[in-house]
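Chain by chain, the residues run as shown.
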Amino acid sequence: MTSTPNREGAVPVTAAHRILVLNSGSSSVKYQLLDMRDSSRLAVGLVERIGEETSRLVHSPLTGDGDGGGEGSGKRERTGPIADHEAALKAVADELTRDRLGLDSPELAAIGHRVVHGGLKFSAPTVITDEVLTEIERLVPVAPLHNPANITGIRTAQALRPDLPQVAVFDTAFHTTMPESAARYAIDIETADAHRIRRYGFHGTSHAFVSRETAKLLGKDPSEVNVIVLHLGNGASASAVRGGECVDTSMGLTPLEGLVMGTRSGDIDPAVTFHLKRVAGMSTDEIDVLLNKKSGLVGLCGDNDMREIRRRIDEGDQRALLAFEIYIHRLKKYIGAYYAVLGRVDAVVFTAGVGENAAPVRAAAIAGLEELGLAVDADLNAVRTDSARLISPEYARVAVAVVPTDEELEIARQTYALVNA
Ligand SMILES: Nc1ncnc2c1ncn2[C@@H]1O[C@H](COP(=O)(O)OP(=O)(O)O)[C@@H](O)[C@H]1O
Ligand SMILES: CC(=O)OP(=O)(O)O
Ligand SMILES: [Mg+2]
């Protein structure tokens, strides 16, 4: 860590060591301000339901002065319309300023942005220039729910601190190691290349972080372990990670392919789209909305929150049960597929909102896979904690684990490393 003497030359003033991370989603912004000297969080927050009347901002300063420093102790909440991502980020900036953690702080070294689609160009964190921003814009058609929000986040942050480096950390970056056999679709190769149609994969920052943390949990080096990571949030994806490198992942050209998600269908026969067009008379845009926003769990049973689905199942709701069973069936297929891709598996790992919290999802996904060396211990699975843990019984050949993801910490680390390079 570099430090410079202050004007009096007495107490050393540490150089900029804070990173603000912005994770702008289609209707939300998650953010964290971190002190990279010890990776501690100074503030965390979330703005959700952006664009609706009932927008909500939850901000937690974690500075520790007199409030115990725990999340929630100094927590502030406000509800009321926040029109767009620009207004959301300005509200976030105001909250940080109130805690004297403002964006004007000389301690702020950079702002790190989650950018969902980086195409093939970006396989590493990148300082955002006009050219980089143009490229992120070019990729909007293949990440229509995500890249526009990321771009607004970047533009607003640039306007607030034009002097600071803004760094993009791409969801697709971790997957650029996929072999062509996994990354290519079996379609006419010239057409594919002309339109850059291939499987890019997403949630890479999470898959990278979680696979590394899993190696740590097993007491091994990432290069020694093969891991199947199941990132189950609202968007959901699986990946096969061999010795620290991604060799396959379930999302493709866009974040629509693969697992059943909150509102997205995941894998379907592409001919369903021709059928919807020719027979049901739907437009391309209508089909896009159907598959991205009105499918998955919400399409099957009207709810996309796994807590609500479990509650309905407990009350005997058959639609909710069917949705759950379809979700689990697809998940199990991917575990089997990636087992075959990897040949040897050291761990199957659950992460993100559903993966970290929904014990019934974990139990059901692993049930019946004993022949593959996989099992879940019911008591361990029921434990509620925020730390990484094994949930497989001691006798199991393959570890099953819950490892909380922290995309914001990973983005902060990559951003800080880049601006200090
Ligand atoms: N206690 C819980 N039990 C079951 N599911 C949960 C629980 N807490 C959160 N979830 C699920 O996690 C999802 C959100 O996951 P998250 O990783 O935050 O998603 P995203 O980053 O895509 O917004 C919610 O839709 C909800 O279904
Ligand atoms: C890429 C993707 O699906 O992201 P999220 O889960 O944040 O929607
Ligand atoms: Mg997420």
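Residues numbered from 1 in each chain as written. Chains lettered and ligands numbered in written order. Predicted model: local features only at pLDDT ≥ 70, side-chain atom pairs only at ≥ 80, totals over all residues. Heavy atoms only, no water.

**Comments concerning the overall build of the protein chain**
Across its full length, the protein chain holds 15 helices and 16 strands. Taking 421 residues into account, the globule formula puts the C-alpha radius of gyration at 22 Å, and the protein chain, at 22 Å, falls close to it. The C-alpha extent of the protein chain, read off along each of the three principal axes, is 70 × 55 × 45 Å. With 421 residues in all, the protein chain has 50% of them scored as buried. Residue pairs in contact within the protein chain that sit at least 24 positions apart in sequence constitute 62% of those at least 6 positions apart. Taken as a whole, the protein chain presents about 19,200 Å² of accessible surface, with 52% of it coming from carbon and sulfur. Considering the protein chain, the positive charge centre built from 45 side chains and the negative charge centre built from 57 side chains are found 1 Å apart. (Helix = DSSP H or I, 4+ residues; strand = E, 2+ residues; numbered from the N terminus. Rg over C-alpha atoms; globule rule 2.2 N^0.38 Å. Buried < 20%, exposed > 50% of the residue type's maximum accessible area, 1.4 Å probe, protein only. Contact = heavy atoms within 4.5 Å. Areas by Shrake-Rupley, 256 points an atom, 1.4 Å probe, with all protein chains shown as cover. Lys, Arg positive; Asp, Glu negative; His and termini not counted. Charge placed at Lys NZ, Arg CZ, Asp CG, Glu CD.)

**Thoughts on the site of ligand 1**
Looking at ligand 1, there are 13 residues lining it, with Lys30, Asn234, Met306, Arg307 and Gly353 nearest. A distance of 3.1 Å separates an oxygen atom of ligand 1 from a polar atom in the backbone of Asn234. The separation between a nitrogen atom of ligand 1 and a polar side-chain atom of Arg307 is 3.5 Å. For ligand 1, the protein covers 73% of the area, taking 580 Å² as the surface of the free molecule. Sorting the residues of the shell around ligand 1 by element identifies helix H10 (306–314) and helix H12 (352–357) as the ones contributing at least two each. Element by element, the count of residues in the shell around ligand 1 is highest for H12, at four residues. Residue composition of the shell around ligand 1, by class: four nonpolar, six polar and three charged. (Near = heavy atom within 4 Å. Polar contact = N/O pair within 3.5 Å; in protein donor to acceptor, adjacent residues only side chain to side chain. Nonpolar A, V, L, I, M, F, W, Y, C, P; charged D, E, K, R; others polar.)

**Some details on the pattern of salt bridges**
Across all of its chains, the model carries 29 salt bridges by this definition. The closest approach of N and O atoms between Asp317 and Arg312, which form a salt bridge, is 2.8 Å. By relative accessible area, Arg312 is classed as buried at 13%. (Salt bridge = Lys/Arg side-chain N within 4 Å of Asp/Glu carboxyl O.)

**Notes on the UniProt feature "binding site: Mg(2+)" (unreviewed entry) in the protein chain**
Mapped onto the present numbering, the UniProt feature "binding site: Mg(2+)" (unreviewed entry) falls on Asn23 and Glu407. These residues run over 385 residues, yet every pair of their C-alpha atoms falls within 8.5 Å of each other. Looking at the element boundaries, Asn23 is found in strand S3 (residues 18–24). Every residue in contact with Asn23, bar those within four places of it in the chain, is listed here: Ser28, Val29, Lys30, Arg114, Glu407 and Glu408. Within the secondary structure layout, Glu407 lies in helix H15 (residues 407–420). You can call Glu407 buried: its relative accessible area is 10%. In contact with Glu407, not counting residues within four places along its chain, are Asn23, Arg114, Thr205, Ser206 and His231. (UniProt positions renumbered as here; feature names shortened; annotations may be inferred.)

**Examining the packing of helix H1 (residues 85–98) against helix H3 (residues 147–160)**
As a packed pair, H1 and H3 sit with axes 9 Å apart at the nearest point and diverge in direction by 45°. Considering the angle they form, H1 stands oblique to H3. Two packed elements cross with a definite hand, and for H1 against H3 that hand is right-handed. Contact residues: His85, Glu86, Leu89, Lys90 and Ala93 in H1; Ala149, Thr152, Gly153, Thr156 and Leu160 in H3. Classifying every residue of the contact of H1 with H3 gives four nonpolar, four polar and two charged. (Axes fitted to C-alpha atoms, helices over the stretch in contact; angles between N-to-C directions. Parallel < 35°, antiparallel > 145°, perpendicular 65-115°, else oblique. Left-handed = near helix turned anticlockwise from the far one by under 90°.)

**Here we look at the sheet that holds strand S11 (residues 226–232)**
Reading across from one edge, S13-S12-S11-S14-S16-S15 is the order of the six strands in this open sheet, with mixed pairing throughout. Two strands in the sheet have a free side with no partner beyond their single neighbour: strand S13 (245–249) and strand S15 (389–390). Pairing analysis gives seven bridges linking S11 to strand S12 (residues 236–242), with the strands arranged antiparallel. When the sheet's bridge partners are listed, Val227 is paired in S12 with Val241. In the packing of helix H6 (residues 204–217) onto the sheet, contacts are made with S11, S12, S13, strand S14 (347–351), S15 and strand S16 (399–402), and the angle to S11 comes to roughly 130°. (Pairing = 2+ DSSP bridges.)

**A word on the packing of aromatic side chains**
Applying the stated criterion to the full structure yields two aromatic pairs. Geometrically, the ring pair formed by Phe122 and Phe170 is stacked, given 4.5 Å between the ring centres and 5° between the ring planes. Here the residue Phe122 occupies a position in the loop between strand S8 (108–115) and strand S9 (126–127), and Phe170 occupies one in strand S10 (residues 166–170), the gap between them amounting to 48 residues. When sorted by exposure, Phe122 lands in the same class as Phe170, which is buried. For the pair Tyr334 and Tyr338, a centre-to-centre distance of 5.6 Å together with 70° between the ring planes defines the contact as edge-to-face. Of this pair, Tyr334 and Tyr338 both sit in helix H11 (residues 318–342), separated by four residues, roughly a single helical turn. Pair check on accessibility: Tyr334 and Tyr338 agree, each one buried. (Phe/Tyr/Trp six-rings, centres within 6.5 Å; stacked < 30°, edge-to-face > 60°.)

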